[in-house]
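What follows is the residue order along each chain.
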Amino acid sequence: MMCDIIYAGERASFGQPEIILGTIPGAGGTQRLPRFVGKSLAMEMCLTGDRITAQQALQAGLVSKVVANEQLLEEALKTAAKIASYSKVATAMCKEAVNTAYETTLKEGLHFEKRTFHATFATEDRKEGMTAFIEKRSPKFTDS
């Protein structure tokens, strides 16, 4: 739940089994899980120790994609390569903006997004990206 993007193999399962051991989920499990899957499913998982399948995790919003187990690494690396091809400055700003959504109110998040969006206009990568789009070519980001 602390990952930016979660892919699951088709045979994966997810759970919070700590209750079976006489304790509760630590490391933020009781706080993060409800934000992803809602209170009811989080309560069921935490209070029963029951696991959910990869497909259930996808339907609940815990993972963004389910792929065949043998394709999992390839799919993750393909996505990582795609992200790595973009501006590192813009990628970092985007990650921070999305993460802010989970830590603030909507009003505060929108304000943060607006300031961050405007900050991208001071970067060389934004200029290069817009120019490349107009010129119908791939951008050459310099991470500045």
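In every chain, residue numbers begin from 1 and rise along the written sequence. With pLDDT at 70 or above as the cut-off, local features in this predicted model cover only qualifying residues; side-chain atom pairs require 80 or more to be listed or tallied, and sums for whole chains, interfaces and linings still use all residues. For side-chain calculations, the full set of non-hydrogen atoms in the structure is used, while hydrogens and water are omitted.

1. Focus: unusual backbone geometry
Rules: Each helix is a run of DSSP H or I of at least 4 residues and each strand a run of E of at least 2, with the numbering of both proceeding from the N terminus.
You will see that Ala27, though not glycine, has its phi angle at about 55°, which is positive. With respect to the helices and strands, Ala27 occurs in the loop between strand E2 (13-15) and helix H1 (29-37).

2. Points about helix H7 (residues 124-134)
Here is the rule we go by: Type-normalised accessible area, obtained with a 1.4 Å probe on protein chains alone, sets the label of each residue: buried when under 20%, exposed when over 50%, and partly exposed for intermediate values. To be clear, the arc concerns the directions from the helix axis to the C-beta atoms. By definition, residues are in contact when any of their heavy atoms lie within 4.5 Å.
Looking only at H7, the buried set comprises Asp125, Glu128 and Ala132. Buried residues of H7, seen end-on, are gathered within an arc of 60° and therefore sit on one face of the element. H7 presents Phe133 and Ile134 as exposed residues on the side facing more than 90 degrees away from its buried surface. As for H7, its buried residues are in contact with helix H5 (88-101).

3. A look at the side chain of Thr123
The condition is simple: Between N or O atoms, a polar contact is any pair within 3.5 Å; within protein, one atom must be a potential hydrogen donor and the other a potential acceptor, and residues adjacent in sequence are included only when both atoms are from side chains.
Here Thr123 is to be found in the loop between helix H6 (106-120) and H7. Taking the relative accessible area as the measure of exposure, Thr123 reaches 11% and is therefore buried. A polar contact of 2.7 Å, which involves the side chain of Thr123, links it to the backbone oxygen of Thr120. In this structure Thr123 touches Val89 and Ser144, once residues within four positions along its chain are discounted.

4. Thoughts on the packing of H5 against H6
For clarity, the threshold we go by: The convention used is that axes are lines fitted to C-alpha atoms, helices contributing only their stretch in contact, and that angles between N-to-C directions extend from 0 to 180 degrees. Angle categories are assigned with fixed cut-offs, so that under 35 degrees is roughly parallel, over 145 is roughly antiparallel, 65 to 115 is roughly perpendicular, and the rest are oblique. For this classification, the nonpolar set comprises Ala, Val, Leu, Ile, Met, Phe, Trp, Tyr, Cys and Pro, the charged set comprises Asp, Glu, Lys and Arg, and every other residue, Gly included, is treated as polar.
Following both chains from N to C, one finds H5 and H6 inclined at 175°, their axes separated by 9 Å at the closest point. Judged by the inter-axis angle, H5 sits roughly antiparallel to H6. For the pair formed by H5 and H6, the contact residues are Met93, Glu96, Ala97 and Thr100 on the first element and Gly109, Phe112, Thr116, Ala119 and Thr120 on the second. A class-by-class count of the residues in the contact of H5 with H6 yields 4 nonpolar, 4 polar and 1 charged.

5. Notes on the layout of surface pockets
The cut-off we apply is this: Throughout, the protein atoms alone are placed on a 1 Å grid, and a set of points is a cavity if a 1.4 Å probe fits but cannot get out or a pocket if it is open with protein on both sides within 12 Å along at least five of seven lines; lining residues have an atom within 4 Å of a point. Grid points are joined across faces, edges and corners, and a volume is the space filled by probe spheres set on the points.
In this model, the largest pocket occupies a volume close to 950 Å³. Lining the largest pocket are 31 residues, and of these Cys3, Asp4, Ile5, Val98 and Asn99 lie nearest its centre. For the lining of the largest pocket, the secondary structure elements donating two or more residues are H1, helix H4 (72-84) and H5. Counting residues per element, the lining of the largest pocket draws most heavily on H5, at 6 residues. Tallied by class, residues from the lining of the largest pocket come to 19 nonpolar, 7 polar and 5 charged. Roughly 360 Å³ of internal volume is contained in the second largest pocket. Taken together, 18 residues make up the lining of the second largest pocket; nearest its centre are Ala90, Met93, Phe117, Thr120 and Arg126.

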